[in-house]
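Tertiary structure, described
Each chain, letter by letter, is given below.
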2 protein chains.
Amino acid sequence: MTDHMMVVHFDPVHGWSPPEIQPYGPLAIDPASSCLQYATSVFEGMKVLLALAEIPTLSFTESHMAHTAYAGPDGKPRLFRPDLNMKRMETSVGRVALPSFDTDELLKLIQKLVTIDARWIPTVEGHSLYIRPTIIGTRDSLGVAASDRATLYVILCPTGPFFRTGARPISLLAVNEHVRSWPGGTGAYKLALNYAPTFRPQQHAAKLGYDQCLWLLGDTITEAGAMNFFVAVRRDDGGKEMLMGGGTDVDVITPPLDGTILPGITRASTLELVAAHPSRATLPGLSPDVRLHTVEGELTLPQLSTWAKEGRLLEAFTVGTAVVVAAVGRIGHNGTDIVLPPHEGALGPIARGLYERITDIQEGRFEWEGWSVACA
Amino acid sequence: MTDHMMVVHFDPVHGWSPPEIQPYGPLAIDPASSCLQYATSVFEGMKVLLALAEIPTLSFTESHMAHTAYAGPDGKPRLFRPDLNMKRMETSVGRVALPSFDTDELLKLIQKLVTIDARWIPTVEGHSLYIRPTIIGTRDSLGVAASDRATLYVILCPTGPFFRTGARPISLLAVNEHVRSWPGGTGAYKLALNYAPTFRPQQHAAKLGYDQCLWLLGDTITEAGAMNFFVAVRRDDGGKEMLMGGGTDVDVITPPLDGTILPGITRASTLELVAAHPSRATLPGLSPDVRLHTVEGELTLPQLSTWAKEGRLLEAFTVGTAVVVAAVGRIGHNGTDIVLPPHEGALGPIARGLYERITDIQEGRFEWEGWSVACA
């Protein structure tokens, strides 16, 4: 962790206390606190990066993108779509009945903290400073009721690439004997309580040689590990493609936000960038002849298996703040694996295009829709 | 809270530290701790009571019960079936991959702590000293993985009757837009994380004038508030009862332990005492002509509604460590209420019989199957 953390307390009489940026250290928490007894705890995951590269080496198809491309490092720490993290945190806090907070104010405090600890931002590619805003319920009573007291804090820690596997795809074990989230549950909120139940199944998956769990609800795919899940499937055009002489249509499919799925910010960004290809901007390295179509729709394991057998399952990948984009190499269930086509450097062309475009935006090499926000 | 608490720490190198009984006070917890970030937290709820009464005023049908009836107060603090709490805690700890512990050793430490703070045990009827053993994950790393460090602590607090409503039945709002537990979820474990999602629905129920939520999964009843749920339903005997001239058959029904239900200790005790009536022991105040039959089976809201219309729904009640047994007066759903028959003093004859029998056992007035355990 870095040198400092930001802390602010809420009580029902005084509201939020003046925020304090103080040396990193333990919190004094009453043993009867709501956060320890009833898991009233909400967090966010954000990343801060420094503008690193010099001149974009990527080709752009549209002039309105080229002119906004990054012109050189400004040395300022950059956040990626932080307004979405703030909005999601507000929604999560409401779900567990913690006191609401001023999202604009919190974002300003995060930027201030990042600026103070800016020397901790790694300058090695693929590394970043991870930001963890957290709100915990601190009502110190065992009565089973909402917490009317809270502590909001922000801590920072430098991180390397999420998977230390280097350039190899990850393997997933499809799991439905344990269920991560369900209709009417809390899977759509970023709550501490969504994670503890995943550790035992994750240990089991690791024992069987898989990197992460692919969470199912019955046969339906929801998420992978703590990430959103995508597949790229070539459309079955009945051979028209050959006759017409041009292009391939590919559906990029992810489960819909039906209440069981975390509305990931990398997920939303992936959908937007996929939708922009190739009409508004091509993904780096991907031919404009590949026409991508976003689909937010149900994905089942048997369907994946069928597509794989038909040779239409081109790629599977996971997305998330920590990992950005990771390739999936195989998906195991009941002793058999669905195997994805291998690619040099692990990522297939669509996943690689997304990875490069998102990190270009994050690191300030490429301007897109104001997603990269410099700290003042 | 009382003057003291028991604290013991686990780390992967040294295992569990020597336990310490120390003055009650805040714990120093790293802001990145697993318990705050990923809700690795397990607790138990137990009660300690003093043997209070003098001579049992209740009639016993079987001599083997009468001879074990309580003969007078011994002044020793008594726990109720603490072995079941220890076993359940062990199971819960396993579910969220926290380090296992010696259940016998913990029970001894709890007894020691209770003895030290014995002056806090209330001597007013209906009051008791509540015991809250808790284990929290203290791994201080943001990586989404099991906690290999933990702190186990026990805190005590004197409590009065659970519902401050006096002798009135509670009202329940049946809720299925929020779902407390799900097959493959964690509803069968006593985890902190099962509670935070219930606070918002509980606030909504209160706003509509209901005391607690009745948790549904679709139409199926699971639990009520943080308690197990029972109904007593007169069997439809087609009028045989009148012809045969004797007795009434009543099913005492509670949802089965299918993975969505907390295996409550008062729930288990209720089932055992109901099964014992009237062959092995009558419930106090209940005629031996009322034959009770335990049913662990699916309970749906439409079924309850039908039984109510037929006049066969005799009682609905909730059970739990804090409440022991509480009468349910009405159950609301979609703007209509299922109304239960009113009883003087709120509890119907079956619920009252159970309440009296269980508190008799807890307070040492009545010996049954070794359920009441004196602290050494």
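Residues numbered from 1 in each chain as written. Chains lettered and ligands numbered in written order. Predicted model: local features only at pLDDT ≥ 70, side-chain atom pairs only at ≥ 80, totals over all residues. Heavy atoms only, no water.

Notes on the overall build of chain A
Helix and strand content of chain A: nine helices and 19 strands. With the model as given, the accessible surface of chain A reaches about 14,800 Å², and the carbon-plus-sulfur share is 53%. (Helix = DSSP H or I, 4+ residues; strand = E, 2+ residues; numbered from the N terminus. Areas by Shrake-Rupley, 256 points an atom, 1.4 Å probe, with all protein chains shown as cover.)

What to know about the interface of chain B and chain A
Contact residues are listed per partner, giving 54 residues for chain B and 52 residues for chain A. Summed over both sides, the interface between chain B and chain A buries roughly 4,400 Å², with carbon and sulfur atoms accounting for 65% of that surface. Here chain B is connected to chain A by zero salt bridges. At the surface where chain B touches chain A, the tally comes to 27 residue pairs in polar contact (both at pLDDT 80 or more). For the side of chain B that touches chain A, the secondary structure elements donating two or more residues are strand 4 (27-29), helix 1 (34-38), strand 5 (41-43), helix 3 (82-95), strand 8 (128-137), strand 9 (150-159) and helix 5 (199-207) of chain B. (Contact = heavy atoms within 4.5 Å. Buried area = accessible area lost by both parts, 1.4 Å probe. Salt bridge = Lys/Arg side-chain N within 4 Å of Asp/Glu carboxyl O. Polar contact = N/O pair within 3.5 Å; in protein donor to acceptor, adjacent residues only side chain to side chain.)

Some thoughts on the UniProt feature "modified residue: N6-(pyridoxal phosphate)lysine" (unreviewed entry) in chain A
Here, the residues flagged by UniProt with the feature "modified residue: N6-(pyridoxal phosphate)lysine" (unreviewed entry) are Lys190 of chain A. Dropping the residues within four chain positions of it, Lys190 of chain A is found in contact with Val42, Phe43, Glu44, Gly45, Arg88, Ser92, Tyr195 and Leu262 of chain A. (UniProt positions renumbered as here; feature names shortened; annotations may be inferred.)

Notes on helix 3 of chain B
Residue and element names in this part refer to chain B. With 14 residues, helix 3 should cover 20 Å at 1.5 Å per step; its first-to-last C-alpha distance of 20 Å lies within 8% of that length. Those residues of helix 3 that fall on the buried side of the exposure criterion are Pro82, Asn85, Met86, Arg88, Met89, Ser92, Val93 and Arg95. At the C-terminal side of helix 3, Ala97 shows a positive phi close to 55°. (Expected span 1.5 Å × (residues − 1). Buried < 20%, exposed > 50% of the residue type's maximum accessible area, 1.4 Å probe, protein only.)

Describing the pattern of salt bridges
All names here are of chain A. Overall, the coordinates contain 30 salt bridges over all chains when judged by the stated rule. Of the charged contacts in the structure, one is a salt bridge between Asp3 and Arg119, with a shortest N-O distance of 2.8 Å. With Asp3 in the segment before strand 1 (4-11) and Arg119 in the loop between helix 4 (103-116) and strand 8 (128-137), this pair connects stretches of sequence that are 116 residues apart. Residue Asp3 is classed as partly exposed on the basis of its relative accessible area of 30%.

What about the environment of Met46 of chain A?
Residue and element names in this part refer to chain A. With respect to the helices, strands and loops of the structure, Met46 is situated in strand 6 (residues 46-50). A residue is classified by how much of its surface remains accessible, and Met46, at 2% relative accessible area, is buried. Sequence-wise, Met46 and Val175 are 129 residues apart; in three dimensions their C-alpha atoms are separated by 28 Å. Beyond its immediate sequence surroundings of up to four residues, Met46 is in contact with Pro82, Asn85, Met86, Leu107, Ile110, Leu129, Tyr130, Ile131, Pro133 and Thr321.

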